[in-house]
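# Structural description and commentary
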Amino acid sequence: MSNAWIDINLDAIAHNYREITQHLSQGARVMAVVKADAYGLGAVPIAQTLQKLGCEAFAVTTVEEGLILRQQGIQGIILVLGPVSSKQIEGALEADLQLTIGDFSILTQCATVAAQLGKEAQVHLKLETGMGRTGFFEKDWEDLAESLKAADSINPVGIYTHLARAALLDRTYTQQQYDTFQRGVKKMEQHGFVGLWKHICNSAAFLDYPEWHLDFIRTGTLLVGHFPSTSFAGMLKLQDPWIAKAQIVSLRQVPKGTFVGYQSIYRTKAETRLAVIPVGYADGFGVQPHFIPQGFWDFIKIIIKNFLALCGIFVGQETVAWQGHSIRVAGKIGMQLTVLDVGRLTCQVGDVVILPLRRTQANPRMLRQYWSEERLITKREIKEGYLQTYPE
Ligand SMILES: *Cc1c(COP(=O)(O)O)cnc(C)c1O
């Protein structure tokens, strides 16, 4: 068993789900977004836990993600949010996944494959309202309606769009997206497509626009215990289900002036103890997504930070936590090994430290066990279907 791992508390997921449902406007349901392996937590156990609590709808980005959920016993709606390729459509329809129709080529392919299979494809129409990613632009809505009428094998069950700025304070753009969406809904209704499930809210909009909950809200961020931005913090009582840990596997006393790690960017300032933990950038430790400064002051901050780093002063250096103390990473994080300068702290080999990993960057092989109040559940048990009977 590896000495670096991630624990997931399924009770916290259940708690977050209940908390969200208590804030739903009347008539709305939760569509649990479990894309990207449920934001790094493990889509199957998360979806199984939510299904037990009565969640009836799930969303993923790819057909592949949807098929895994079906194979593992997820029964409700599974909506594929992303564009599909022609080769995937047959498998998706066989598994009763609902597909997103966001352009004419997918519409045609879907209609053809469904007709060949003698099946009806249940689809959600995606409208482009300002995200600039996928969906039908307003100028094409008339053609869309006509094409749908001509495609007997296509059964539109939903219509949705995705908000680009819901997490920002300024509401103007978001309101425009909503108004555009409503025009699209009306257009489809004029063509006889009435009673489609409507959904527009992601986590941020769910919190900020209760009057827009409509038939579904699509939330992932809140379920896994995060807020879309700090301005939302505290609006719900969320629990954090996720924790990454590593055990100290080596500990040495070293003199002042010892160089540590690649390129020797770190040098001990006094006699100290150096600890090694078996985790590195291959596990997603110290890996940050590409970052673009948000405005002028952000840009200045980055320049100052880089300038200080050139002088050997590292602000915002990774730290890990040990028994309430914060321990700094010494030098560059390696592929699978990282050195900590523990100073006077009394850590021992075998002690556990808590890692600040980004969930979506964490290597899934670190997902070792899930726990609930009752007991620990291993990954193997999940594969064998134990979770289908949890919680009893
Ligand atoms: C990821 C995603 C969501 C969920 O957004 P969160 O803010 O993480 O809850 C909703 N809708 C679409 C289309 C998405 O891609």
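This text goes with the structure placed above it.
Remember, predicted model here, so these are calculated numbers, not experimental data.

Parameters at a glance
- Residues numbered from 1 in each chain as written.
- Predicted model: local features only at pLDDT ≥ 70, side-chain atom pairs only at ≥ 80, totals over all residues.
- Heavy atoms only, no water.
- Helix = DSSP H or I, 4+ residues; strand = E, 2+ residues; numbered from the N terminus.
- Buried < 20%, exposed > 50% of the residue type's maximum accessible area, 1.4 Å probe, protein only.
- Contact = heavy atoms within 4.5 Å.
- Areas by Shrake-Rupley, 256 points an atom, 1.4 Å probe, with all protein chains shown as cover.
- Lys, Arg positive; Asp, Glu negative; His and termini not counted.
- Charge placed at Lys NZ, Arg CZ, Asp CG, Glu CD.
- Expected span 1.5 Å × (residues − 1).
- Pairing = 2+ DSSP bridges.
- Axes fitted to C-alpha atoms, helices over the stretch in contact; angles between N-to-C directions.
- 1 Å grid on protein atoms, 1.4 Å probe; cavity = no way out; pocket = protein on both sides within 12 Å on 5 of 7 lines; lining within 4 Å.
- Points joined across faces, edges and corners; volume = space filled by probe spheres on them.
- Nonpolar A, V, L, I, M, F, W, Y, C, P; charged D, E, K, R; others polar.

### Concerning the overall build of the protein chain
- A count of helical and extended segments in the protein chain gives eleven helices and 20 strands.
- For the C-alpha atoms alone, the extent of the protein chain along its principal axes is close to 80 × 50 × 40 Å.
- Burial analysis of the protein chain (392 residues in total) assigns 47% to the buried set.
- Partitioning the contacts of the protein chain with sequence separation of at least 6, the portion at a separation of at least 24 is 67%.
- Carbon and sulfur atoms provide 53% of the accessible area of the protein chain, an area that totals close to 19500 Å².
- Each charge sign in the protein chain was given a centre, from 38 positive and 37 negative side chains, and these centres are 9 Å apart.

### Concerning helix α10 (residues 296-310)
- Between its first and last C-alpha, α10 extends 21 Å over 15 residues, near the 21 Å set by a 1.5 Å rise per residue.
- Where α10 terminates, the next one or two residues include G312, which has phi positive at roughly 85°.

### What about the sheet that holds strand β6 (residues 121-126)?
- Ordered in space as β2-β3-β4-β5-β6-β7-β8-β9, the eight strands form a closed barrel in which the pairing is parallel. Strand-to-strand, the axes of this sheet are offset by a mean angle of 30°, without reference to chain direction.
- Looking at chain direction, β6 and strand β7 (residues 154-160) are connected through six bridges and run parallel. Of the residues in β7, the one forming a bridge with L125 is I159.

### What to know about the layout of surface pockets
- When its volume is computed, the second largest pocket comes out at roughly 660 Å³.
- Among the secondary structure elements, those contributing two or more residues to the lining of the second largest pocket are α2 (35-40), α9 (203-208) and β9 (216-219).
- For the lining of the second largest pocket, the class distribution of residues is 13 nonpolar, ten polar and five charged.

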